[in-house]
Amino acid sequence: AVLEDADAIEIVEITGATRFTDLAGGAFDVLISLTTHTAERDIYQSDAKTGFSFVASPYFFDGLHFAGIPPFVGCADTLDYTSTECVDLKICVGEFTTWYIIIQSLFPDSVIVTVPNIEDEPRFLEGGVCNVIAGESVHLMLETVRSLGFTGPSYEIGTTIYSKDPL
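Attention in this report is confined to the structure presented alongside it. (Residues numbered from 1 in each chain as written. Predicted model: local features only at pLDDT ≥ 70, side-chain atom pairs only at ≥ 80, totals over all residues. Heavy atoms only, no water.)

**Thoughts on the environment of Tyr100**
With respect to the helices, strands and loops of the structure, Tyr100 is situated in helix α4 (residues 98–106). Here the alpha-carbon distance between Tyr100 and Thr114, two residues 14 residues apart in the chain, equals 8.0 Å. Beyond its immediate stretch of four places on either side in the chain, Tyr100 contacts Val93, Gly94, Glu95, Ile112 and Thr114. (Helix = DSSP H or I, 4+ residues; strand = E, 2+ residues; numbered from the N terminus. Contact = heavy atoms within 4.5 Å.)

In structure tokens form, the structure reads like this:
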């Protein structure tokens, strides 16, 4: 719409694991959606062996939320993984995300299930590998998780936000 030509852009699908090396290598020009800028990425992103200049001020913020099967979302929201109700808590999170780093600081490894891409989280939730998924609001909306393979009857989004990330 901005360019007044629907063919003026090309959407390139990438993975969380290669997004920065692909950007540095010129596979695409702009990285959008679910990528936050951090001081580390601004100065030197180790996978891409370069820094990325995030010069524009961010206008949108979101953060790490939990969503999934009740009552486990409540367990994650309250950081409870030891009570009788919460002892089976399993949280799926993309392994190359800032959310993974945050979750590592909140929960023991026995609770964390890493997935290759954040788009895989709803399928892991559907398959019972985890009972909670982690992400930002747009990633956890019911419409999004349904489109990515979750068909379960019970789903809720937690109320606690564990980070504040510029989008």
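Let's pick the thread back up.
**Things to note about the packing of aromatic side chains**
What the rule picks out here adds up to four aromatic pairs. Between Phe66 and Phe107, the aromatic rings sit 6.0 Å apart at their centres with planes inclined by 85 degrees, giving edge-to-face as the arrangement. Residue Phe66 is found in strand β2 (residues 65–68), and its partner Phe107 is found in the loop between α4 and β4 (112–115); the two are separated by 41 residues along the sequence. Measuring from ring centre to ring centre gives 5.9 Å for Tyr81 and Phe107, while their planes differ by 65 degrees; the resulting arrangement is edge-to-face. Within this pair, whereas Tyr81 is found in the loop between α3 (72–77) and β3 (91–94), its partner Phe107 is found in the loop between α4 and β4, the two being separated by 26 residues in sequence. Linked through ring pairs, Phe66, Tyr81, Phe107 and Tyr162 together constitute an aromatic cluster. (Phe/Tyr/Trp six-rings, centres within 6.5 Å; stacked < 30°, edge-to-face > 60°.)

**Examining the pairing of β4**
Pairing of β3 with β4 involves four bridges; the strand directions are parallel. Looking across to β4, one finds that Ile91 is bridged to Ile112. Handedness of the crossover joining β3 and β4 through α4 is recorded here as right-handed. (Pairing = 2+ DSSP bridges. Right-handed = clockwise from strand over helix to strand, strands pointing away.)

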